[in-house]
Amino acid sequence: MMRTRPLKVALLGCGVVGSEVARIMTTHADDLAARIGAPVELAGVAVRRPDKVREGIAPELITTDATALVKRGDIDVVVEVIGGVEPARTLITTAFEHGASVVSANKALLAQDGATLYAAAGRHGQDLYYEAAVAGAIPLIRPLRESLAGDKINRVMGIVNGTTNFILDKMDTSGAGYSEALDEATALGYAEADPTADVEGFDAAAKAAILAGIAFHTRVRLDDVYREGMTEVTAADFASAKEMGCTIKLLAICERAADGGSVTARVHPAMIPLSHPLASVREAYNAVFVEAEAAGRLMFYGPGAGGSPTASAVLGDLVAVCRNKLNEANGPGESAYTQLPVSSMGEVVTRYHISLDVADKPGVLAQVATVFAEHGVSIDTVRQHGRPDGGGEASLVVVTHRAPDAALSGTVEALRKLDTVRGVASIMRVEGE
C-alpha cells in the first residue's frame with residue numbers, strides 16, 4: 001500500500017550535486033515513490049545566492065535561511081551537500097534535534113567529527129547516511145558496514161580521488177610532466193582552480209579516515225591519517241616504476257596490524273605492480289580494493305565524483321532513510337566498538353624505492369649498503385647507471401624488502417649525510433605485492 005502523505009525533504013546546497021539531486025527527485029518522482037512506498041516532496045532548498053536561476057526548482061522553495069529550514073519540524077529528511085565543517089555540523093545536529101534524518105556527502109566533516117554526528121543522531125533516534133562521501137556512485141560504505149559486517153576486514157586500499165588519478169594516468173601513458181598533466185585536468189574540469197585539496201592528499205585522507213573507521217569498527221579521525229601529496233612525482237619516477245613492472249598511484253591505505261591490536265591509515269603516492277587490479281584504473285575513475293578474512297579480495301570500481309554519480313549515491317541513501325522513516329526504524333549507527341589504537345606511520349611495514357645521485361667511484365655501493373644494514377633494512381635489488389654525460393656522478397636505485405617505515409626513514413636521513421651521496425632524487429613506497 002502506498003502512503004499518500006509525502007515524506008518531506010530539505011536540500012542544503014544546490015551546486016553541481018545538489019541541483020542534480022533536485023532534478024532526479026523531480027523527474028523520477030514516481031519511481032522513487034514506488035521504491036519507498038510513499039511520495040517524496042522537495043520541501044525547501046537552502047542556497048547562498050537566491051537570485052541564481054535554478055531550472056526545475058520552484059522559486060518559492062528557495063531560501064537563504066538554512067537554519068529555519070531544518071527547524072521547521074515537518075521535514076523528514078535533510079540532504080546536506082554544502083560541504084565544509086561549519087555551518088554543516090550545526091545544521092545537521094539541528095536537523096536531528098527537530099526530528100529529521102540526514103543524508104550527507106560531507107567527507108571533511110565526517111572525517112573530522114563523525115563521532116559527534118553519530119551521537120546526535122542516536123540521541124534523537126535518527127539516521128545518518130553518507131554513501132556519497134567517499135567514492136561517488138561506487139557502492140562502498142553500505143557493503144563495508146552491512147554486507148561485510150560479519151567478516152573481519154584486514155586491509156582497504158584504493159584510489160579515492162579522480163583528479164589525482166587522472167593526472168598520474170596522463171603522466172604514465174603520455175610521458176607528460178606533473179604541471180602539464182595538471183593543466184589538462186583543469187581544462188577538462190577534473191581539477192579545481194585551486195587543486196590543493198586533491199593533489200596534496202587532503203581529500204583522500206578524509207576518505208581514508210571514514211573507510212578505516214567503518215572497516216575496523218574503531219574511531220579514526222582525519223588527524224590520525226598520515227598524508228603525503230603527489231606534486232613531487234616526476235617522469236623519472238614513472239620510468240623507474242616501469243623498469244620494475246609497476247605504475248604509480250596516489251593510494252589511501254587502511255590496515256589492521258598483523259597482531260590485530262592496532263590500525264593505521266595513510267595516503268601517499270606509491271608504486272604498485274601492473275598485475276595489481278588497481279594499476280589498471282584509468283583517468284578519473286576510482287577503485288577500492290578490500291581484503292577480508294572470509295570473503296577474500298574484493299574490488300569496487302566506478303566514477304568517484306561528478307554531479308550525476310554523486311547524486312546517484314545520495315538518492316540511494318535517501319531511499320533507504322525514507323524506508324526507515326516509514327517503518328519507524330533506524331539503519332546501522334556507528335560501529336566503533338573495538339576502540340583500537342591508531343599506530344603512527346613509523347610502525348607501518350612497507351617497502352621503499354630510493355633513487356640516489358652518487359659519486360661514480362669505487363666503494364660507494366658498499367657505503368650505501370652499510371647504512372641500510374646499520375638501520376636493519378634489507379636490500380632487495382640495486383641498479384646503478386653512470387651518467388651519459390659523465391661528470392663523475394651515477395644514479396643508484398635501491399629497492400628494499402619490507403621494513404618498518406621509521407627504519408626506512410632513518411636510513412634515508414643517514415644516506416643524505418654521506419659525502420658520496422650528492423642527493424636523494426626520489427623516495428617512494430612500493431605497495432600491492
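Let us look at the structure shown here.

1. A word on helix α5 (residues 107–123)
Of all the bends found along α5, the most pronounced is centred on D113 and spans about 90 degrees. Within α5 the residues assigned to the buried category are L109, L110, A111, D113, G114, L117, Y118, A120 and A121. Looking at the packing, one finds that the buried side of α5 touches α4 (88–97), β6 (128–129), α6 (132–135), α7 (141–147) and α11 (202–216).

2. Brief notes about the environment of V134
Checked against the element boundaries, V134 lands in helix α6. For the pair V134 and A208, spaced 74 residues apart in sequence, the C-alpha separation works out to 8.3 Å. Ignoring any residue separated from it by four or fewer positions in sequence, one finds V134 in contact with L140, I141, V160, K207, I210 and L211.

3. Side note on unusual backbone geometry
A cis geometry characterises the amide bond from E86 onward to P87, with omega recorded as 10 degrees. For P87, the location among the structural elements is in the loop between β4 (77–80) and α4. Positive phi outside glycine occurs at Q339, with the angle close to 50 degrees. Take Q339: it is sitting in the loop between α13 (307–327) and β13 (349–359). The partly exposed category is assigned to Q339, whose relative accessible area is 46%.

4. Description of the packing of helix α14 (residues 364–374) against helix α15 (residues 405–416)
Where α14 meets α15, the axes come as close as 9 Å, and the angle between the chain directions of the two elements is 145 degrees. You can see that α14 and α15 cross each other, and the crossing is right-handed. Across the interface between the two elements, V368, V371 and F372 of α14 pack against T411, A414 and L415 of α15. A breakdown of the residues in the contact of α14 with α15 according to their chemical character gives five nonpolar, one polar and no charged.

5. Regarding a negative patch on the surface
The grouping of E180, D183, E184 and E283 at the surface amounts to a negative patch. Residue position: E180 is located in helix α9 (residues 178–187). By relative accessible area, E180 is classed as exposed at 53%.

Each value, and the rule that gives it
- Residues numbered from 1 in each chain as written.
- Predicted model: local features only at pLDDT ≥ 70, side-chain atom pairs only at ≥ 80, totals over all residues.
- Heavy atoms only, no water.
- Bend = angle between axes of the 7 residues up to and from the residue.
- Helix = DSSP H or I, 4+ residues; strand = E, 2+ residues; numbered from the N terminus.
- Buried < 20%, exposed > 50% of the residue type's maximum accessible area, 1.4 Å probe, protein only.
- Contact = heavy atoms within 4.5 Å.
- Axes fitted to C-alpha atoms, helices over the stretch in contact; angles between N-to-C directions.
- Left-handed = near helix turned anticlockwise from the far one by under 90°.
- Nonpolar A, V, L, I, M, F, W, Y, C, P; charged D, E, K, R; others polar.
- Patch = residues over 30% accessible without salt bridge, like charges linked within 9 Å, V, L, I, M, F, W, Y side chains within 5 Å.
- Areas by Shrake-Rupley, 256 points an atom, 1.4 Å probe, with all protein chains shown as cover.
- Salt bridge = Lys/Arg side-chain N within 4 Å of Asp/Glu carboxyl O.
- Lys, Arg positive; Asp, Glu negative; His and termini not counted.
- Charge placed at Lys NZ, Arg CZ, Asp CG, Glu CD.

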